[in-house]
Amino acid sequence: MPTLPFEIITIILLMLPTETLVKFQCVCRAWRDLIRDSMFIKEHLQIRASKGKGYLLYVPMAHDTGRAFKLLCERTFEQVLEIDIPFQPVEMSLIIIGSCNGLLCLSDTERFGTTIYLCNPYIRRYRVIDHPITGVVGSSNPRNDSITLGFGYYDKTNDYKIIRVVAPSDEHDDYLDLSSEHHEIAQNTKVEVYSSIINSWKNVEVESFQWSMFDVKSELVVCDSIHWKAFCRDTNKDVLVILAFHLGNETFQQIKLPNYDVDEEDWLEYVGLYKGNLSLFLFHQVDHQHPWQEQCCYLWVMKEYGVDSSWTKTLTITVDPGIVRPLVFTRDDEMIFADADQDLVVCHFDSSTAKIVRVEEKGYLNFATYVDSLVLLEG
Amino acid sequence: MARKNRNPVGKNVDPEAQKKKTRTLTLKSSDGQEFSISESAAVLSIAIENMVEDDCAGGVIPLPLVDGGTLARVITYLNKHAEDGASDEEKRKFDEEFVSGMEMGVLFDVVLAANYLDIRGLLREVRRRIADRMKNKSVEWVRKTFHIESDFTPEEEEQMKKEFAWAWEGVDSDVDD
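As recorded in an unreviewed UniProt entry, chain B goes by the name SKP1-like protein, listed as coming from Sesamum alatum. For chain B, the Subunit (unreviewed entry) comment in UniProt is given as "Part of a SCF (SKP1-cullin-F-box) protein ligase complex." The Sequence similarities (unreviewed entry) comment attached to chain B in UniProt states, word for word, "Belongs to the SKP1 family."

Going by what an unreviewed UniProt entry lists, chain A is known as F-box/kelch-repeat protein and is assigned to Sesamum alatum.

**Overview of the UniProt feature "domain: SKP1 component dimerisation" (unreviewed entry) in chain B**
As recorded in UniProt, the sites labelled "domain: SKP1 component dimerisation" (unreviewed entry) are residues 125-167 of chain B. Span residues 125-167 of chain B is 63% helix and 0% strand, its end C-alpha atoms 27 Å apart.

**Re the interface of chain B and chain A**
How large an interface is tends to be reported as the accessible area lost when its parts come together. Contacts between the two partners involve 37 residues from chain B and, on the opposite side, 31 residues from chain A. When chain B packs against chain A, close to 3000 Å² is buried across both sides, 74% of that on carbon and sulfur atoms. For B:Glu156, the salt bridge is made with A:Arg29, and the minimal N-O distance between the two is 2.6 Å. For the interface between chain B and chain A, the tally reads seven residue pairs in polar contact (both at pLDDT 80 or more). Of all the secondary-structure elements, those providing two or more residues to the side of chain B that touches chain A are α6 (104-117), α7 (120-134), α8 (139-145) and α9 (154-163) of chain B. Looking at the side of chain B that touches chain A element by element, the count peaks at seven residues for α6(B). Taken together, the residues that form the side of chain B that touches chain A break down as 18 nonpolar, eight polar and 11 charged.

**Some details on the nonpolar core**
In terms of nonpolar packing, the biggest core is built from 93 residues, with A:Trp31, A:Ile162, B:Ile130, B:Met134 and B:Phe146 touching the most fellow members. It is α6(B) that provides the largest number of residues to this core, a total of nine residues. Formed jointly, this core draws a minimum of three residues from each of two domains, domain 1 (15-134) and domain 2 (139-168) of chain B. Contacts of B:Met134, omitting those with residues within four sequence positions, involve A:Ile12, A:Leu13, A:Leu16, A:Thr20, A:Phe24, A:Trp31, B:Met104, B:Trp141 and B:Phe146. One finds A:Val193, A:Met213, A:Cys232 and A:Val241 within the second-largest nonpolar core, a separate group that totals 18 residues.

**Looking at the pattern of salt bridges**
For the structure shown, the criterion picks out 26 salt bridges over all chains. Two residues, A:Glu250 and A:Lys161, come together in a salt bridge whose shortest N-O distance is 2.8 Å. Here A:Glu250 is found in the loop between β16 (239-246) and β17 (252-256), whereas its partner A:Lys161 is found in strand β9 (residues 159-167), with 89 residues between them in sequence. Accessibility classification places A:Glu250 together with A:Lys161 in one group, the buried group. Between A:Glu192 and A:Arg164 there is a salt bridge, and its shortest N-O distance comes to 3.1 Å. Taken as a pair, A:Glu192 in strand β10 (residues 190-195) and A:Arg164 in strand β9 lie far apart in primary sequence, 28 residues in all. Take A:Glu192 and A:Arg164: they sit in the same class, and that class is buried. Where salt bridges share partners, they join B:Glu125, B:Arg128, B:Asp132 and B:Lys135 into one cluster.

**What to know about the UniProt feature "domain: F-box" (unreviewed entry) in chain A**
With numbering matched to this structure, UniProt assigns "domain: F-box" (unreviewed entry) to residues 1-44 of chain A. As a span, residues 1-44 of chain A carries 68% helix and 0% strand, and end to end its C-alpha atoms are 27 Å apart.

**Remarks on the UniProt feature "signal peptide" (unreviewed entry) in chain A**
The UniProt record marks residues 1-20 of chain A with the feature "signal peptide" (unreviewed entry), using the residue numbering of this structure. Secondary structure content for residues 1-20 of chain A is 60% helix and 0% strand, and the end C-alpha separation is 22 Å.

**Observations concerning the environment of A:Arg164**
Residues and elements named next belong to chain A. Classification of Arg-164 by relative accessible area gives buried; the value is 4%. Put simply, Arg-164 and Val-204 are 40 residues apart on the chain and 9.9 Å apart in space, counted from C-alpha to C-alpha. Looking at Arg-164, its side chain comes within polar contact range of the main-chain oxygen of Gly-113, at 2.6 Å.

**Considerations on the domain arrangement of chain B**
Assigned domains of chain B: these are domain 1 (15-134) and domain 2 (139-168). A C-alpha centroid distance of 36 Å is found between domain 1 of chain B and domain 2 of chain B.

**Digging into the pairing of strand β7 (residues 125-129) of chain A**
Side chains A:Arg125, A:Arg127 and A:Ile129 project from β7(A) onto a buried face, and the interleaved A:Tyr126 and A:Val128 project onto a face without burial. Here strand β6 (residues 116-120) of chain A folds back onto β7(A) in antiparallel fashion, the turn holding four residues, of which A:Arg124 has a positive phi close to 55 degrees.

**Some thoughts on helix α4 (residues 68-82) of chain B**
Residues and elements named next belong to chain B. End to end, α4 covers 21 Å across 15 residues, agreeing with the expected 21 Å (1.5 Å per residue, within 8%). Residues of α4 that are buried: Gly-68, Thr-70, Leu-71, Val-74, Ile-75, Tyr-77, Leu-78, Lys-80, His-81 and Ala-82. As for α4, its buried residues are in contact with β1 (24-28), β2 (34-38), α2 (39-42), α5 (88-100), α6 and α7. Where α4 begins, the capping side chain belongs to Asp-67, and its oxygen is found 3.0 Å from the backbone nitrogen of Gly-69.

**Thoughts on the packing of helix α1 (residues 6-14) of chain A against helix α4 (residues 38-50) of chain A**
Residues and elements named next belong to chain A. At a minimum axis distance of 9 Å, the contact between α1 and α4 shows a crossing angle of 50 degrees. Relative to α4, α1 is oriented oblique. Note on element contacts: α4 touches α1 through Phe-40, Glu-43, His-44 and Ile-47, opposite Thr-10, Leu-13 and Leu-14. For the contact of α1 with α4, the class distribution of residues is four nonpolar, two polar and one charged.

**As for the sheet that holds strand β8 (residues 146-154) of chain A**
Two pairing modes exist for strands in a sheet, parallel and antiparallel, and in both the strands are linked by backbone hydrogen bonds. Residue and element names in this part refer to chain A. The sheet built from five strands is open, its strands ordered β11-β10-β9-β8-β13 with mixed pairing. Looking at strand neighbours, the two that pair on one side only are β11 (200-204) and β13 (217-218), the edges of this open sheet. Relative to β10, β9 runs antiparallel, the two sharing six bridges. Note that in β10 the partner of Arg-164 across the bridge is Glu-192.

**Some remarks on the sheet that holds strand β26 (residues 366-370) of chain A**
Residue and element names in this part refer to chain A. Pairing is antiparallel in the open sheet, where four strands are placed in the order β3-β2-β1-β26. One side of each edge strand has no neighbouring strand; the edge strands of this open sheet are β3 (79-84) and β26. When the angles between neighbouring strand axes are averaged without regard to direction, this sheet yields 25 degrees. Sheet analysis places strand β1 (residues 55-59) next to strand β2 (residues 68-73), joined by four bridges and oriented antiparallel. Across the sheet, Tyr-58 pairs through a bridge with Lys-70, a residue of β2.

Rules of the game
- Residues numbered from 1 in each chain as written.
- Chains lettered and ligands numbered in written order.
- Predicted model: local features only at pLDDT ≥ 70, side-chain atom pairs only at ≥ 80, totals over all residues.
- Heavy atoms only, no water.
- UniProt positions renumbered as here; feature names shortened; annotations may be inferred.
- Helix = DSSP H or I, 4+ residues; strand = E, 2+ residues; numbered from the N terminus.
- Contact = heavy atoms within 4.5 Å.
- Buried area = accessible area lost by both parts, 1.4 Å probe.
- Salt bridge = Lys/Arg side-chain N within 4 Å of Asp/Glu carboxyl O.
- Polar contact = N/O pair within 3.5 Å; in protein donor to acceptor, adjacent residues only side chain to side chain.
- Nonpolar A, V, L, I, M, F, W, Y, C, P; charged D, E, K, R; others polar.
- Core = buried A, V, L, I, M, F, W, Y, C linked by side-chain atoms within 4.5 Å.
- Buried < 20%, exposed > 50% of the residue type's maximum accessible area, 1.4 Å probe, protein only.
- Domains from an automatic or database assignment.
- Pairing = 2+ DSSP bridges.
- Expected span 1.5 Å × (residues − 1).
- Axes fitted to C-alpha atoms, helices over the stretch in contact; angles between N-to-C directions.
- Parallel < 35°, antiparallel > 145°, perpendicular 65-115°, else oblique.

See the structure below:
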């Protein structure tokens, strides 16, 4: 049998499934080093992604026995795989901060934002992230600090980053006037970024952090920035905006929301991704007297990223049953939400159809889209 | 160097294309066997096309890195893909059958020839087929097939097998080629 040159072997290996490559690390040192190489891993991921095979992943709650990651086929929603959690989490519910390229960023309900894991469940690899640098300086009660996390991938440097924003609790015993309280919070909000390349945290200097975070976590990356809903503090009133943090230059930028509440109020906003664009999904909290009542929802799309005037009301969708909690936007332009019965409903935007998905567990499930990959194999 | 239109089923009657169909080239394998092939089929190999353009045409094109058996297979592939009126679907089916019966050693010979002759479609097809065959194979099978000696210490190997034990589930027996 002839011997193949290494460049042909490399291309052949790129076509193999993730689990096969994990096994073939054992062939020899050259193969192991190739399979663990970050550029190989990146290229392998791109080839897998182009085949469009993806999953939806969730972690059942703490009190469920035999807790494991459950992977559903993203098209049929049938469970195709169950993977034991490779580390021993505390007896609390795990929270998925984000999912990207096969890598999950996880925290738990007990010490949200302090205990953080990076985990590639498919290849059973995980990393316990070192404690972030600090809490809030001079915080009277660190347990009341409000922590917001974000997780995203920065392609240019092939880096997975975790962003952590810690603000002192804004409950004060003494009455303070709003503006001086705002001033204090702005001065004392800390921003830290973890980089998977250097495997450590660093401080991000923000002169005066003028926002109060509304979302506690986000994985929504558009144009290399991660996005949360936040209130921009104003001396008169707080204005809801989308706060963007650029993963490359590590600065914040604010995106205005469209003018959607002219006719009605009480909208609930969910920020997501629709056909690659930053989107805003608007719905009403389900009416508990009539949880099955049809709801009219809107999807606004920011056609040109960062241009406030490009917000366009793109879709009007009638959903039945009503939405209690949006869970995730899928890659197929669908949104999964929990209804009043805590069942999961998949709503397909383009066809405006909804169907109920049965999963074993009910309740407060954490959902993420997922692809298998070799990321984190290098250790 | 000007690239000529390589589409063999062009609708317009291009006199140059007509000439290529009737003109034949002779390819000579490493073991001295000679094969006649129409120029239109031969130039699906970019390496041969370059040789023709560099004016080796008319004579015999020596291919010292390809043996006769492999060259015969490659020519079968080229002829099918240069065939007038063969639909994409037909070609796809042909490709599928063309590689399906090949043993691993033959696939290796063909992939090397396709690489050397720069026949992109064939290269892609054979690489994909090799990858498919490897999917559920054992590490030992891979070492034997690719002539690789393990350079891990037994302890290192044991450690890796233990660490990634889950990946060893569902390995086929190595009987198949």
